[in-house]
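Chains, contacts and geometry: an overview
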Amino acid sequence: MRKKAIYLSVFLSLISLSVWAQWSPAAPDAKEWAEKNRDRLKTMTRAEWLELDEGYKQAAVFEFTPQQITDLWMGKIDQVLNDFKWTRAERQHIKKLRAWLQDNPNAYSDNKTKEEQNEAIRFIEDWSTYAKEKLHWTDRLIFGIAVSCNDLLDKKGNVKMVP
């Protein structure tokens, strides 16, 4: 049961990014801030997003287009691949996540079909299981790679947070 809960939380974070509400509480004025900055947010890059205070990042992402969210994740995964030494198997596994995200542009759309949702669940279950069982990654490292869009700081799974 715990295993299913972990998969579901990772899946939800990849698809809706709602997990941020649990580990990075929104600023009290985040919703109003996002509405006020809607035009700016529609063109925001990952580099600009990374500089936001943590309390505003979730609100910003909720204003992003599906393509912006995909770009946010592509940049994150590229950072993970480029900033650390990975074994061949680890590198291939991270690239598998990147390929899935790239091949599933509807992943961040509100128009996902039930089949697309189920496929995403199956993918993240398989991806996470392989990471834990074959690569011996911790839940924290999986979180640092596949849940948080913030830069990964180390292979322990720590991510850069902006106060």
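As the structure is a computational prediction, the values presented were derived from the model and not from experiment.

1. Details of the overall build of the protein chain
Per the secondary structure count, the protein chain includes 10 helices and zero strands. In sequence order, the protein chain lays out its α and β elements as α-α-α-α-α-α-α-α-α-α. Here the protein chain, with 163 residues, has 48% of them falling under the buried criterion. Counting only contacts in the protein chain whose residues sit at least 6 apart along the sequence, the fraction spanning at least 24 positions is 65%. Roughly 9000 Å² of accessible area belongs to the protein chain as shown, and the carbon and sulfur atoms make up 52% of that amount.

2. Topic: helix α10 (residues 139-146)
Listed as buried for α10 are L141, I142, G144, I145 and A146. Buried residues of α10, viewed axially, fall in a sector of 165 degrees; they line one side.

3. A look at the packing of aromatic side chains
Under the criterion given, the structure shown has five aromatic pairs. Between W86 and W137 the ring centres are 5.8 Å apart and the planes differ by 55 degrees, which places this aromatic pair in the tilted class. Of this pair, W86 sits in the loop between α7 (66-83) and α8 (88-103) while W137 sits in the loop between α9 (114-133) and α10, and the two are 51 residues apart along the sequence. A relative accessible area of 10% means that W86 is categorised as buried. The class for W137 is buried, based on a relative accessible area of 5%. Linked through ring pairs, F84, W86, W127 and W137 together constitute an aromatic cluster. Over the face of the ring belonging to W49 we find K57, whose NZ or CZ atom lies 4.6 Å from the ring centre.

4. Side note on unusual backbone geometry
A positive phi is found at H136, a non-glycine position, where the angle reads about 60 degrees. Mapped onto the secondary structure, H136 falls in the loop between α9 and α10. Given a relative accessible area of 63%, H136 falls into the exposed group.

5. With respect to the side chain of E90
Assignment of secondary structure puts E90 in helix α8. The exposure class assigned to E90 is buried, which follows from its relative accessible area of 9%. Beyond its immediate chain neighbours, meaning those up to four positions away, E90 contacts L135, W137 and K155.

6. Quick word on the pattern of salt bridges
Scanning all chains against the criterion turns up six salt bridges. D151 is the partner of R46 in a salt bridge, and the nearest nitrogen-oxygen pair spans 2.7 Å. One end of the pair, R46, is in helix α5 (residues 46-50); the other, D151, is in the segment after α10, with 105 residues separating them in the sequence.

7. Some thoughts on the side chain of H93
Among the structural elements, H93 can be located in helix α8. Apart from residues lying up to four places away in sequence, H93 is in contact with W127, Y130, A131, L135 and W137.

8. As for the confidence of the model for the protein chain
Reading fine detail from the predicted coordinates is not recommended where pLDDT is low. For the protein chain, per-residue confidence averages 86 on the pLDDT scale, and residues scoring 70 or more make up 85% of the total. Note that pLDDT drops below 50 for residues 4-23; the model gives that stretch 52 contacts with residues more than four away or on any other chain.

Rules used throughout
Residues numbered from 1 in each chain as written. Predicted model: local features only at pLDDT ≥ 70, side-chain atom pairs only at ≥ 80, totals over all residues. Heavy atoms only, no water. Helix = DSSP H or I, 4+ residues; strand = E, 2+ residues; numbered from the N terminus. Buried < 20%, exposed > 50% of the residue type's maximum accessible area, 1.4 Å probe, protein only. Contact = heavy atoms within 4.5 Å. Areas by Shrake-Rupley, 256 points an atom, 1.4 Å probe, with all protein chains shown as cover. Arc of directions from axis to C-beta. Phe/Tyr/Trp six-rings, centres within 6.5 Å; stacked < 30°, edge-to-face > 60°. Lys NZ or Arg CZ within 6 Å of the ring centre and 35° of its normal. Salt bridge = Lys/Arg side-chain N within 4 Å of Asp/Glu carboxyl O. pLDDT = per-residue confidence, 0-100.

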